[in-house]
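Below, each chain spelled out in residue letters.
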Amino acid sequence: MIKLINVDELRQGMFIHKLEVWWVKDKRIRNQMLITDKRQIAMIRNEGILQLWIDLDKSVQAPAAPAPKKDIPQTPFFQEMDQAQSIFNQGKPQVLAMFNEARMGQGLDLDYTLDLVDQIAGSITREPTALLSVARLKNHDDYTYLHSMAVCGLMISLGKKMGLDEHQLRRVGMGGLLHDVGKAAVPLEILNKPGKLSDEEFTVMRQHPIVGAQMLMEANAGEDLLDIALHHHEKYDGNGYPHGLKGEEISLYARMASVCDVYDAVTSNRPYRKGWTPAEAMHNMLSWRGHFDNSLLHAFVRTIGIYPVGSLVRLASGRVALVVQAGEKSLLKPKVHVFWSLHAQREVKPEELDLGDSFCTDSITGAEDSGLWQNIDLNRIWALESA
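Residues numbered from 1 in each chain as written. Predicted model: local features only at pLDDT ≥ 70, side-chain atom pairs only at ≥ 80, totals over all residues. Heavy atoms only, no water.

For the protein chain, an unreviewed UniProt entry supplies the name HD-GYP domain-containing protein and the organism Pantoea trifolii.

**Describing the pairing of strand β6 (residues 319-325)**
Among the 7 residues of β6, 5 are classified as buried, and the element is accordingly described as predominantly covered. Summarising the sheet, strand β5 (residues 312-315) and β6 pair through 3 bridges and their orientation is antiparallel. By the bridge assignment, Arg-314 is partnered in β6 with Val-320. Taken together, β5 and the strand that follows it, β6, pair antiparallel across an intervening segment of 3 residues, in which Gly-318 is found at a positive phi of about 85°. Across 6 bridges, β6 lies against strand β7 (residues 335-341) in antiparallel orientation. Bridging across to β7, Val-320 finds its partner in Trp-340. (Buried < 20%, exposed > 50% of the residue type's maximum accessible area, 1.4 Å probe, protein only. Helix = DSSP H or I, 4+ residues; strand = E, 2+ residues; numbered from the N terminus. Pairing = 2+ DSSP bridges.)

**Examining the layout of surface pockets**
Considered as a void within the structure, the second largest pocket measures approximately 1,000 Å³ in volume. Taken together, 35 residues make up the lining of the second largest pocket; nearest its centre are Phe-202, His-233, Ala-265, Arg-270 and Tyr-272. For the lining of the second largest pocket, the secondary-structure elements that each account for two or more residues are α5 (143-161), α7 (188-191), α8 (199-205) and α11 (252-266). The leading source of residues in the lining of the second largest pocket is α11, at 5 residues. (1 Å grid on protein atoms, 1.4 Å probe; cavity = no way out; pocket = protein on both sides within 12 Å on 5 of 7 lines; lining within 4 Å. Points joined across faces, edges and corners; volume = space filled by probe spheres on them.)

**Looking at the side chain of Lys-183**
Looking at the element boundaries, Lys-183 is found in the loop between α6 (166-178) and α7. Non-local contacts of Lys-183, meaning those with residues more than four positions away in its chain, are made with Phe-99, Arg-103, Leu-191, Met-205 and His-208. (Contact = heavy atoms within 4.5 Å.)

**Remarks on the nonpolar core**
One finds Ile-120, Leu-216 and Phe-300 to be the most contacted residues of the largest nonpolar core, which totals 74 residues. The greatest single-element share of this core, amounting to 10 residues, is contributed by α5. Here Leu-216 is in contact with Leu-108, Leu-110, Leu-178, Val-181, Ala-221, Leu-225, Leu-226 and Ala-229, once residues within four sequence places are set aside. Counting residues in hydrophobic clusters, the runner-up holds 15 residues, among them Leu-10, Ile-44, Ile-49 and Ile-54. (Core = buried A, V, L, I, M, F, W, Y, C linked by side-chain atoms within 4.5 Å.)

**With respect to the sheet that holds β5**
If you trace the 5 strands from one edge of the open sheet to the other, you get β8-β7-β6-β5-β9, paired in antiparallel fashion. This sheet does not close on itself; its edge strands, each paired only once, are β8 (346-354) and β9 (364-368). Neighbour-to-neighbour, the strand axes of the sheet open up by a mean angle of 30°, direction not taken into account. (Axes fitted to C-alpha atoms, helices over the stretch in contact; angles between N-to-C directions.)

**A closer look at helix α13 (residues 294-304)**
Along α13, the positions that sit buried rather than exposed are Leu-296, Leu-297, Ala-299, Phe-300, Val-301, Thr-303 and Ile-304. Of the surrounding secondary structure, the elements contacted by the buried residues of α13 are α4 (130-135), α5, α11 and α12 (278-287). Downstream of α13 by one or two residues, Gly-305 has phi in the positive range, about 90°.

**Observations concerning the pattern of salt bridges**
In this structure the tally under the stated criterion is 11 salt bridges. With a shortest N-O distance of 2.7 Å, Arg-171 and Asp-224 are connected by a salt bridge. One end of the pair, Arg-171, is in helix α6; the other, Asp-224, is in helix α10 (residues 223-231), and 53 residues separate them in sequence. Three or more residues joined by partner-sharing salt bridges are found here, namely Arg-319, Glu-351 and Asp-362. (Salt bridge = Lys/Arg side-chain N within 4 Å of Asp/Glu carboxyl O.)

**Quick notes on the sheet that holds strand β2 (residues 15-19)**
Here we have 4 strands laid out as an open sheet, ordered β1-β4-β2-β3, and antiparallel in their pairing. Two strands lie at the open edges of the sheet, namely β1 (2-6) and β3 (33-34), each paired on one side alone. Bridge analysis of β1 against strand β4 (residues 51-55) gives 5 bridges, and the strand direction is antiparallel. Each bridged residue has a counterpart across the sheet, and for Ile-2 the counterpart in β4 is Asp-55.

**Considering the packing of aromatic side chains**
When we look at a pair of aromatic rings, we describe it by the centre distance and by the angle of the planes. Counted according to the given criterion, the structure contains 5 aromatic pairs. Aromatic side chains Trp-276 and Trp-288 sit 6.2 Å apart centroid to centroid with 55° between the ring planes, which places their arrangement in the tilted category. In this pair, Trp-276 is assigned in the loop between α11 and α12 and Trp-288 in the loop between α12 and α13, connecting sequence segments 12 residues apart. The class for Trp-276 is partly exposed, based on a relative accessible area of 28%. (Phe/Tyr/Trp six-rings, centres within 6.5 Å; stacked < 30°, edge-to-face > 60°.)

**Quick notes on empty space enclosed by the protein**
Applying the stated criterion across every chain yields a total of 2 cavities of 30 Å³ or more. Of the pockets and cavities examined, the largest cavity occupies roughly 200 Å³. As for the largest cavity, its lining consists of 15 residues, and the residues nearest its centre are Gln-94, Ala-97, Met-98, Asp-109 and Tyr-112. At the level of elements, β3, α2 (76-103) and α3 (111-126) are the ones that each hand at least two residues to the lining of the largest cavity. Of all the elements, α2 adds the most residues to the lining of the largest cavity, at 5 residues. Classifying every residue of the lining of the largest cavity gives 8 nonpolar, 4 polar and 3 charged. Taken together, His-231, Glu-234, Lys-235, Tyr-236, Ile-250, Ala-254, Arg-255, Ser-258, His-291, Phe-292 and Asp-293 form the lining of the second largest cavity. Per-element accounting of the lining of the second largest cavity gives the leading share, 3 residues, to α11. Considering only residue class, the lining of the second largest cavity consists of 4 nonpolar, 3 polar and 4 charged. (Nonpolar A, V, L, I, M, F, W, Y, C, P; charged D, E, K, R; others polar.)

Quick look at the structure:
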């Protein structure tokens, strides 16, 4: 449905069908454009445009304003969880617009990705694990777009661990955000299929790295970004695709992307399977001989942790605890705050426990699904405040 509106009614998420003018000076403004940023609205106003036609069928729902929250103090981790959720909410329409424009054969405008990459990098700098915790909470409809943002964050985190400089971090972040852009050319019935792909469908899917590289080449994205898109499905033993590259024939950035892409995929819930916990993902990925560059994979494990901060774990004592700090001596022995008794099925007074302490007799026996504990005030437990 096409509707004529005044420029004052223009909002993020609206799809411009036609501008009610003959021409504009700013080439960033055009017909057939999704509004993803308030700066685009300001550009349109600056051109003196008073009215425009909106396609309601192609418009997307802009992120709803967050409900007012009680003014209670939060720990840095949970404060950053809120910030990270906001970044994902605001970034999703931008990534969605990028995929839609690519699907319609329009050229990629990479300028709008820079701000999103910088926001993700800022969150990683403030509190490395908060954004990555939020990234795991995807639903089926959001998967393709949020996966791109998650891989961006994982690439930046891994790059920091490896000592990359600021310019390199921005490039690997952009590479993570754009690595799957070729999926815009995959038919939606294949891309969104809830079950296993047929051999013919998988052949179509395997073309997305080549298509993505072509799109990025046309957008003058740079050799490093093309390489990430083209080779993030290569395997260290030469059994990947599309070119069967082996070992260091695969660039450093593409080897990083391979690890980050697979980790986010296997830890995400999909219609046909439940996502693995971080501990399960690390265990399985470490067992896949020849899939990854082992030195990069071990650096990734040290970056994310076997039990990431903010995750929930079961203890040998029959209790559940929140991981609040990575282990200093062992990734298997983090510092935790105990808050739940599995035997009594009730909350207990929070207790701090350093599983790496030589005097500690408790240990982790498995990871818990954090969705089971949504009604528990984890922020209070994190701060070790009394119930």
